[in-house]
Amino acid sequence: MVSGKKVYAYDLEFLEDGRTIELISIGIVCEDGREYYAVSSEMPEKRIRKHSWLMENVVPALPQRYGDARNQLPAKWLYDYHDPAVKRRDRIAFEVGEFLLSDGEPVLWADWGAYDHVALCQLWGTMMDLPSGMPMFTHDIEQAIEAVPGFEKPEQAHGVHNALEDARHNMAILRKLWAQA
Ligand SMILES: [Mg+2]
């Protein structure tokens, strides 16, 4: 939108217990059409299995095998461990850094994004460990909606709680906001 800057809408799925925020998956969409999606192979599976909301809403939206391929997936697997999107956290941190920082200055947007921002930054460690050029804050779509009286937030048609689908939807909301602002 602004010269030299690029807007990125993102979404994370995570386990949070009031003390920690543990990454499950991350989806990012750039305004130029590039997309990134990854699932953490280090998500705390035991705790996720005990979390009924995550089991009902988030786990089904992780990479799963369907149809005949389903028979090849061990029943105890939470998701398809062999899916190419499944990566270690340090790999995800490297790739997200490349994705966000390789083309101009990133401007980050998320919806109800406070927890998303913390979990994103924790990919690299503490605040001190943030890669150079990484924004210290995420713009919140809810705040932008407040500034446009009468704005009707579009409904997400499908893929709710898949981080990439949620990120795509966030970008769709932003585009509608920009059109009306
Ligand atoms: Mg989501």
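One can find the structure itself at the top, above this paragraph.
Residues numbered from 1 in each chain as written. Predicted model: local features only at pLDDT ≥ 70, side-chain atom pairs only at ≥ 80, totals over all residues. Heavy atoms only, no water.

Moving on, we come to the overall build of the protein chain. If you tally the helices and strands in the protein chain, you get six helices and six strands. Of the regular secondary structure in the protein chain, the N- to C-terminal order runs β-β-β-α-α-β-α-β-α-β-α-α. Against the globule reference of 16 Å for 181 residues, the protein chain gives a C-alpha radius of gyration of 17 Å, in line with a compact fold. Principal-axis analysis of the C-alpha atoms gives the protein chain an extent of 50 × 40 × 30 Å. In the protein chain, which comprises 181 residues, the share counted as buried stands at 48%. Taking all contacts inside the protein chain whose residues are at least 6 apart in sequence as the whole, residues at least 24 apart take part in 67%. Accessible area for the protein chain stands at about 10000 Å²; split by element, carbon and sulfur atoms hold 53% of it. Counting 19 positive and 29 negative side-chain charges, the protein chain places the centres of these two groups 6 Å from one another. (Helix = DSSP H or I, 4+ residues; strand = E, 2+ residues; numbered from the N terminus. Rg over C-alpha atoms; globule rule 2.2 N^0.38 Å. Buried < 20%, exposed > 50% of the residue type's maximum accessible area, 1.4 Å probe, protein only. Contact = heavy atoms within 4.5 Å. Areas by Shrake-Rupley, 256 points an atom, 1.4 Å probe, with all protein chains shown as cover. Lys, Arg positive; Asp, Glu negative; His and termini not counted. Charge placed at Lys NZ, Arg CZ, Asp CG, Glu CD.)

Next up on the list: the coordination of the magnesium ion. For the magnesium ion, the full set of protein donor atoms is Asp11 (OD), Glu13 (OE) and Asp166 (OD), at a range of 2.0 to 2.1 Å. Between the donor residues of the magnesium ion, the gaps in sequence give the motif D-x1-E-x152-D. Assigned by exposure class, Asp11 and Glu13 land together as buried. (Donors = N, O, S within 2.8 Å, 3.2 Å for Na, K, Ca; no water.)

To continue, consider the layout of surface pockets. When its volume is computed, the largest pocket comes out at roughly 480 Å³. Mapped by element, the contributors of at least two residues to the lining of the largest pocket are β1 (5–16), α2 (52–57) and α6 (163–180). For the lining of the largest pocket, the element with the most residues is β1, which contributes six residues. For the lining of the largest pocket, the residue count by class is nine nonpolar, five polar and eight charged. (1 Å grid on protein atoms, 1.4 Å probe; cavity = no way out; pocket = protein on both sides within 12 Å on 5 of 7 lines; lining within 4 Å. Points joined across faces, edges and corners; volume = space filled by probe spheres on them. Nonpolar A, V, L, I, M, F, W, Y, C, P; charged D, E, K, R; others polar.)

Turning to α6, a few remarks are in order. Under the 1.5 Å per step criterion, the end-to-end length of α6 is 26 Å for 18 residues, consistent within 8% with the ideal 26 Å. N-cap assignment for α6: the residue whose side-chain oxygen lies 3.0 Å from the backbone N of Leu164 is Asn162. (Expected span 1.5 Å × (residues − 1). Polar contact = N/O pair within 3.5 Å; in protein donor to acceptor, adjacent residues only side chain to side chain.)

Right, let's get into the sheet that holds strand β5 (residues 105–110). Read from one edge to the other, the open sheet built from six strands follows the order β4-β3-β2-β1-β5-β6, with strand pairing classed as mixed. Strand pairing shows two members of the sheet lacking a second neighbour, β4 (86–87) and β6 (139–140), which therefore form its edges. Examined bridge by bridge, strand β3 (residues 35–40) and β4 share two bridges and lie parallel to one another. Residue pairing across strands places Ser40 opposite Lys87, the latter belonging to β4. In the packing of helix α4 (residues 114–121) onto the sheet, the strands contacted are β1, β2 (21–30), β5 and β6, and the crossing angle to β1 comes to about 90°. (Pairing = 2+ DSSP bridges. Axes fitted to C-alpha atoms, helices over the stretch in contact; angles between N-to-C directions.)

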